[in-house]
Amino acid sequence: WQEARSQASRAEERVTAVSAEIKKGNQIIERLQAELRSSKAKAKLKAAVISQQENLLQERQATIEKTTRELSETNSKAETLAEEKNMLEERVDDQKSKLEESQSLLQSNQQMIQWLNQQVNEAQVGAIGSGSRYHFRPSISSVSARPPVSSSYTPSTSTSAPPAPTTTASAPVNPV
């Protein structure tokens with residue numbers, strides 16, 4: 001009977017030891033399960049953060065691409081406008097040159113008309129005053145050439161030759 005008690009006592013000690021070991025194992029399992037839950041939560045959070053960062057990165061990349069396209073379009077427009085400006089400046093310079101030519105031609109023509117009027121007036125005054133048989137009659141040919149000088153007509157010393165008309169090699173200019 002003693003032996004049975006001692007065996008029972010040893011069995012109880014073993015049960016107590018095993019029970020303590022099981023308890024220790026359960027605590028380790030619970031701790032590991034808590035760590036696993038914590039790791040899973042951290043992994044989920046990291047995945048969410050990574051997803052947000054990827055979305056943000058995609059948005060920024062799209063913004064960069066859009067801005068690059070807009071910059072390219074703006075540069076293209078600037079080049080086009082610069083070319084157009086240069087073309088217009090050339091046109092303005094050409095028009096200024098033509099205007100100067102026209103003004104010079106106009107001045108020359110006005111001088112010629114003034115000289116011709118003076119010649120006509122002198123011829124008319126000379127015809128009235130001297131009773132000369134020569135009368136000035138303008139014709140189409142006399143407009144383009146100087147009036148003929150006859151032996152009886154001598155120009156006065158105040159009369160000078162008409163200014164030489166300026167001619168240009170460019171196409172005729174239409175008055176504005």
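Since the structure is predicted, the reported quantities are computational estimates derived from the model, not experimental observations.

Here the focus is the overall build of the chain. Along its length, the chain carries two helices and zero strands. A separation threshold of at least 6 residues defines the contact pool for the chain, and within that pool the share at least 24 residues apart is 76%. In the form shown here, the chain has an accessible surface area of approximately 15600 Å², with 57% of it arising from carbon and sulfur atoms.

Under the counting rule described, the total for this entry stands at three salt bridges. A salt bridge links arginine 31 to glutamate 35, with the nearest nitrogen and oxygen atoms 3.5 Å apart. Here glutamate 35 and arginine 31 lie together in helix α1 (residues 2–130), a separation of four residues that amounts to about one turn. Overall, arginine 31 belongs to the partly exposed group, its relative accessible area being 46%. Between aspartate 94 and lysine 98 there is a salt bridge, and its shortest N-O distance comes to 3.7 Å. Here aspartate 94 and its partner lysine 98 are both found in helix α1, four residues apart, which amounts to about one turn of the helix.

Cut-off values and rules
- Residue numbers run consecutively from 1 along every chain, following the written order of its sequence.
- For a predicted model such as this one, the threshold for reporting local features is a pLDDT of at least 70, and the threshold for listing and counting side-chain atom pairs is 80 or more; totals across whole chains, interfaces and linings nevertheless cover every residue.
- Think of the side-chain values as coming from all heavy atoms in the structure, minus any hydrogens and water.
- Secondary structure counts use DSSP, requiring at least four H or I residues in a row for a helix and at least two E residues in a row for a strand, with both numbered from the N terminus.
- When checking whether two residues touch, look at their non-hydrogen atoms; a contact exists if any pair is within 4.5 Å.
- Accessibility throughout is a Shrake-Rupley quantity obtained with a 1.4 Å probe, and a residue counts as covered only by protein chains that appear here.
- We count a salt bridge whenever a side-chain nitrogen from Lys or Arg sits within 4 Å of a carboxyl oxygen from Asp or Glu.
- Three labels apply to residues, based on accessible area from a 1.4 Å probe with only protein chains included: buried if under 20% of the type maximum, exposed if over 50%, partly exposed otherwise in between.

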